[in-house]
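Inside the fold
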Amino acid sequence: MISKEERKTVAYHEAGHAVAAWFLEHAEPLLKVSIVPRGSAALGFAQYLPSENLLMTVPQMTDMMCMALGGRAAEQVMLGKISTGNKAAAPILCLRCYALLSYT
């Protein structure tokens, strides 16, 4: 069972992904957001409709990276601190950043 404070953190984190996805022009469309824990690994998740494009443009790559950081940004803005709950985004961000650097 997670504490009230952790639920609040997860809610802001997932809402950050959702808000970022809503405002970013080239982000994948949001399908579902949940703050219900799924097993021991994920306390919440944001699920997106996958793009059928095989190639990504620079604006698409940067918007996807911004969307991935939306949860971290929301935690910082709303709570004044960043949790360790966002560690799953780091490998994805690294891959997209390398792809962006090799593209430009």
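Now for a description of the structure that goes with this document. (Residues numbered from 1 in each chain as written. Predicted model: local features only at pLDDT ≥ 70, side-chain atom pairs only at ≥ 80, totals over all residues. Heavy atoms only, no water.)

1. Looking at the pattern of salt bridges
Two side chains that carry opposite charge are able to pair once their charged atoms sit near each other. Our working rule: Think of a salt bridge as a Lys or Arg side-chain nitrogen and an Asp or Glu carboxyl oxygen that are within 4 Å of each other. Helix and strand labels come from DSSP, where a helix needs a run of H or I of at least four residues and a strand needs a run of E of at least two; each type is numbered from the N terminus. Type-normalised accessible area, obtained with a 1.4 Å probe on protein chains alone, sets the label of each residue: buried when under 20%, exposed when over 50%, and partly exposed for intermediate values.
Taken as a whole and assessed by the stated rule, the structure comprises one salt bridge. We note a salt bridge from Glu5 to Lys81, for which the minimum N-O separation is 3.8 Å. With a gap of 76 residues between them, Glu5 in helix H1 (residues 4–23) and Lys81 in the loop between helix H2 (58–79) and helix H3 (89–103) connect regions that are remote in the sequence. Look at Glu5 and you get partly exposed, because its relative accessible area is 40%.

2. A word on the packing of H1 against H2
Think of two packed helices as two axes; the pair is described by the angle between the axes and how far apart they sit. Our working definition: Note on method: axes are straight lines fitted to C-alpha atoms, helices fitted across the in-contact stretch only, with angles between N-to-C directions ranging 0 to 180 degrees. Orientation labels follow simple angle bins: below 35 degrees gives roughly parallel, above 145 gives roughly antiparallel, 65 to 115 gives roughly perpendicular, and whatever is left gives oblique. Handedness of each helix crossing follows the sense of rotation of the near helix against the far helix: counterclockwise by less than a right angle gives left-handed, clockwise gives right-handed. Residues count as neighbours in contact if any of their non-hydrogen atoms are within 4.5 Å of one another. The nonpolar class holds Ala, Val, Leu, Ile, Met, Phe, Trp, Tyr, Cys and Pro. Asp, Glu, Lys and Arg form the charged class, and all remaining residues, Gly among them, are polar.
Interaxial distance between H1 and H2 falls to 7 Å at its minimum, and their mutual angle equals 130°. Viewed along their axes, H1 and H2 adopt a mutual orientation that is oblique. The two elements H1 and H2 cross, and the hand of that crossing is right-handed. Contacts between H1 and H2 involve Lys8, Thr9, Tyr12, His13, Gly16, His17, Ala20 and Ala21 from the former and Cys66, Met67, Ala68, Gly70, Gly71, Arg72, Ala74, Glu75, Met78 and Leu79 from the latter. Looking at the contact of H1 with H2, its residues break down into nine nonpolar, six polar and three charged.

3. Points about the side chain of Glu75
Applied cut-off: This count recognises Lys and Arg as positive and Asp and Glu as negative, with His and chain-terminal groups excluded.
Inspection of the secondary structure puts Glu75 in helix H2. Of the buried charged residues, Glu75 lacks a salt bridge, with Arg72 as the closest side chain of opposite charge at 7.5 Å. Those residues within four positions of Glu75 in sequence are excluded, and the remaining contacts are Thr9, His13, Gly80, Lys81, Ile82 and Ser83.

4. A closer look at the environment of Val77
Within the fold, Val77 resides in helix H2. With a relative accessible area of 66%, Val77 lands in the exposed category. Separated by 65 residues in the primary sequence, Val77 and Tyr12 have C-alpha atoms spaced 9.5 Å apart.

5. Some remarks on the nonpolar core
Stated precisely, the cut-off is as follows: To form a nonpolar core, buried Ala, Val, Leu, Ile, Met, Phe, Trp, Tyr and Cys residues must be joined to one another through side-chain atoms within 4.5 Å.
Counting six residues, the largest nonpolar core consists of Met61, Met65, Ala68, Ala89, Leu93 and Leu100. Put simply, the parts of the chain that give this core at least two residues each are H2 and H3. Membership of the second largest hydrophobic core comes to five residues, among which are Ala21, Ala27, Tyr48 and Met64.

6. Comments concerning the state of the cysteines
To be explicit about the condition: We call a pair of cysteine sulfur atoms a disulfide whenever their separation is within 2.5 Å.
Under the counting rule described, the total for this entry stands at zero disulfides. Between Cys66, a cysteine without a disulfide, and Cys97, which holds the nearest cysteine sulfur, the sulfur-to-sulfur distance is 12 Å. Left without a disulfide partner, Cys97 is nearest to the cysteine sulfur of Cys94, which lies 7.2 Å away.

7. Considerations on H2
Threshold: Expected span of a helix, by definition, is 1.5 Å for each gap between consecutive residues, and there is one gap fewer than residues. Each residue is assigned a bend, namely the angle between axes fitted to the seven residues that terminate at it and the seven residues that start at it.
Look at H2: 31 Å from first C-alpha to last across 22 residues, which is about the 32 Å you get at 1.5 Å a residue. When the local axis directions of H2 are compared, the greatest deviation, roughly 40°, occurs at Gly70. Listed in full, the buried residues belonging to H2 are Gln60, Met61, Asp63, Met64, Met65, Met67, Ala68, Gly70, Gly71, Ala74, Glu75 and Leu79.

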